[in-house]
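What follows is the residue order along each chain.
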Amino acid sequence: MSQSSLNQQLKTLHMTAIADNYQALAQEATTANWPYETYLARLFSLETERRTRNRRIRRIKEARFPLPKELADFDFAAIPRLNKQQVVALAEGSYLATSDPIILVGNPGLGKTHVATGLGLAACRQGHRVRFYTVTQLVNELTYAQQEHQLPRLLEKLARHQLLILDEFGYVPFSPLGAQLLFQCCSALTEKVSLIITTNLPFGEWVSVLGDERLTTGLLDRLTFRSHILEFVGDSYRFRQRQLEMA
Ligand code: ADP
Ligand code: MG
């Protein structure tokens, strides 16, 4: 087979790493007298590595994190009541296999969005489909989809993820329709997609943003079943940093 026809076929098959490496590797194989299988195996492992790396990059882009906050940059010492081992174990991702929810609850400024993003980045690197929303953004999308008679389609699209992060539950109360749609969405995704929810509100106060007792009970019932709850207690991290700087 001519080289240009080989190049053409590799291009058609999207085997870019093999295309980039087969010639140099063939020389190495000749010099070192590799069996054919070794040459082939090395070429394919280069292709696999490249695809894995590209998939990770794509997953992170598609997740639309507001800021790329890593767990490695989180100072656990600043918030001793948060169990570092628990967070590190969660980042390994077994909660995703069983679609368990994670709820991060506590006052503003304690790192909930940071930790939620860190968990999301870890999930992307494991190849999972992740999407970050503020709860308000998601409710707006649901409302718009419903008006356009596209709600089932949006719910199907959401269900193709392994993880949805819903940030800032509790800051903005919902309209009755918004609350109803959020409930419907969470119900549709239960046991299919993991949800990470961050909130400043203890469960007892969720009714104040959802506006309906029965709906709140229903939502909490779905979210707290098999859930991991991370409590953030302490003083705002930035506030403390400023205090330290001024001292
Ligand atoms: P929350 O979502 O709980 O309101 P954020 O995650 O937005 O808090 O944190 C506010 C800012 O402080 C962010 O820039 C975050 O990276 C930083 N931060 C908070 N806690 C920590 C921490 N323990 N270690 C490192 N950075 C932190
Ligand atoms: Mg936040």
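These notes cover the structure that comes with them. (Residues numbered from 1 in each chain as written. Chains lettered and ligands numbered in written order. Predicted model: local features only at pLDDT ≥ 70, side-chain atom pairs only at ≥ 80, totals over all residues. Heavy atoms only, no water.)

A closer look at the packing of helix H4 (residues 84-91) against helix H6 (residues 112-125)
One way to put it is that H4 packs onto H6 with a least axis distance of 9 Å and a crossing angle of 35°. Residues Val 87, Leu 90 and Ala 91 of H4 form the contact with H6, whose own contacting residues are Val 115, Leu 119 and Ala 122. Looking at the contact of H4 with H6, its residues break down into 6 nonpolar, no polar and no charged. (Axes fitted to C-alpha atoms, helices over the stretch in contact; angles between N-to-C directions. Helix = DSSP H or I, 4+ residues; strand = E, 2+ residues; numbered from the N terminus. Contact = heavy atoms within 4.5 Å. Nonpolar A, V, L, I, M, F, W, Y, C, P; charged D, E, K, R; others polar.)

Some remarks on the layout of surface pockets
To locate leftover empty space, one rolls a probe as large as a water molecule over the atoms. Estimated volume of the largest pocket: approximately 630 Å³. Together, 25 residues line the largest pocket, and Gly 109, Leu 110, Gly 111, His 114 and Arg 238 are the ones closest to its centre. Secondary-structure elements contributing two or more residues to the lining of the largest pocket are H6, strand E3 (163-169) and helix H12 (237-246). Around the second largest pocket, the lining residues are Arg 59, Glu 62, Arg 64, Arg 129, Val 130, Arg 131, Tyr 133, Glu 141, Lys 157, Leu 158, Arg 160 and His 161. Of all the elements in the fold, those that place two or more residues in the lining of the second largest pocket are helix H3 (36-63), strand E2 (130-134) and helix H8 (151-159). Per-element accounting of the lining of the second largest pocket gives the leading share, 3 residues, to E2. Residues belonging to the lining of the second largest pocket are distributed by class as follows: 3 nonpolar, 1 polar and 8 charged. (1 Å grid on protein atoms, 1.4 Å probe; cavity = no way out; pocket = protein on both sides within 12 Å on 5 of 7 lines; lining within 4 Å. Points joined across faces, edges and corners; volume = space filled by probe spheres on them.)

Some words on H4
Within H4, the full set of buried residues consists of Val 87, Leu 90 and Ala 91. Within H4, the buried residues cover an arc of 100° as seen down the axis, which keeps them to one side. Tucked into the core, H4 has its buried residues touching helix H5 (94-97), strand E1 (102-106), H6 and strand E5 (228-232). The backbone nitrogen of Gln 85 lies 3.0 Å from a side-chain oxygen of the residue at the head of H4, namely Asn 83. Gly 93 lies just past H4 and shows a positive phi near 95°. (Buried < 20%, exposed > 50% of the residue type's maximum accessible area, 1.4 Å probe, protein only. Arc of directions from axis to C-beta. Polar contact = N/O pair within 3.5 Å; in protein donor to acceptor, adjacent residues only side chain to side chain.)

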